[in-house]
Amino acid sequence: MEMEKRLGFFKKSAAAFVIGSLFFCGQNAYSADSEKEVFLKGVTYGREGNYGAAIKAFNRAIGIKPDFAEAYHNRGLAYYVKGQRDRALADFNKALEINPVLAEAYFYRANIYDSRNNPERALSDYTKAIEIKPDLAPAYSCRGIIYSKKGNFDQALSDFSKSLEIRSASGSSMDYYLRGKAYLSKNIFDKAISDYDKAIEIDPKNVSAYCDRGWAYQETGDLKKAMLDDAKAIELDPKYSWAYYDRALISFRLGEYGVALSDYKKAVKLNPKGAADAYKEFVKHESSPKDPKVKEAAQAIKELLEPRHG
């Protein structure tokens, strides 16, 4: 199915990279004992997840040293995690006004811009963060997500690959998953499946990787493996609508029409907006059946999906 419709992963993926990579600046960011003590307390509070106490400490540090860029950045990061994005953006802007080469501030500001549907400014900031800090793996990942949303899958592949190169042996289930998705969008199914294999090896509970690997198998005609993957995705998350949509199509192609209709009903209930995309895929594989039984089943499925088409 079409990438942008299959996935609500774009924003969720970016958030996973961001929240999983809290860059509290704490090295060589102070010049006096008083500010050092207060600032480092804030860093400790932040790394412990005590963001309210962290904000208070960074407030004190800024009071002592008003041009303290790293304190503004760290306070912005605490606001960011607390969901106070306006305050976070103001602090990242101030940090960059004082210190224009603070890569982490560009990174988080980019994520805010992206969440506010301003991908061009987000791209600019992710690129700036990478220019300043070329080993900032999450910046490549998040920039790759934006390129994917724009349909620039070649550039997305390059960014996801670079992130994986930087992470080396540690790997990243999300990076492999996202690169697999880019390969899938380019109909390079063998490489997509290989990346989904690695994503699942690293994180056996990566529901999206199972579902999308199932789609890749279905596209190659391996319906048995596709069915197993969709079943696993549903086992891990019984409310994962795309797995029901995909499994329904497999069932229809295998002649299990009642099972197909049942799964389509579940999928539509969970995700009505996905029906239009599912309709397109169903029509593509339906092949205008002549058998009355098959024709009746196909018509019932189209009536279920078609009203939401367009």
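Look above for the structure.
We now turn to the structure provided with this report. (Residues numbered from 1 in each chain as written. Predicted model: local features only at pLDDT ≥ 70, side-chain atom pairs only at ≥ 80, totals over all residues. Heavy atoms only, no water.)

Here's the deal with the side chain of Ser-163
Right, so step 1: For Ser-163, the position within the fold is in helix 10 (residues 153-167).
Right, so step 2: Apart from residues lying up to four places away in sequence, Ser-163 is in contact with Ala-137, Tyr-140, Ser-141 and Asp-175. (Helix = DSSP H or I, 4+ residues; strand = E, 2+ residues; numbered from the N terminus. Contact = heavy atoms within 4.5 Å.)

Focus: the packing of aromatic side chains
Right, so step 1: Tallied over the full model, the rule gives 12 aromatic pairs.
Right, so step 2: Here the aromatic rings of Tyr-177 and Tyr-196 are separated by 5.9 Å at their centres, their planes lie at 40 degrees, and the arrangement is tilted. Note that Tyr-177 is positioned in helix 11 (residues 173-185) and Tyr-196 in helix 12 (residues 189-202), a separation of 19 residues in sequence.
Right, so step 3: For Tyr-177, a relative accessible area of 2% corresponds to the buried category. (Phe/Tyr/Trp six-rings, centres within 6.5 Å; stacked < 30°, edge-to-face > 60°. Buried < 20%, exposed > 50% of the residue type's maximum accessible area, 1.4 Å probe, protein only.)

Overview of the pattern of salt bridges
Right, so step 1: Counted under the stated rule, the structure contains 20 salt bridges.
Right, so step 2: The closest approach of N and O atoms between Asp-86 and Arg-116, which form a salt bridge, is 2.5 Å. A residue pair is termed long-range when its members are at least 10 positions apart, and Asp-86 in helix 6 (residues 85-98) and Arg-116 in the loop between helix 7 (103-115) and helix 8 (119-132) qualify at 30 residues.
Right, so step 3: The residue Arg-109 makes a salt bridge to Asp-125 at a minimum N-O spacing of 2.6 Å. Placement of Arg-109 in helix 7 and of Asp-125 in helix 8 is noted, with a sequence separation of 16 residues between them. By the burial criterion, Arg-109 is buried, and Asp-125 matches it.
Right, so step 4: Linked by salt bridges that have partners in common, Asp-197, Arg-213 and Asp-229 make up one network. (Salt bridge = Lys/Arg side-chain N within 4 Å of Asp/Glu carboxyl O.)

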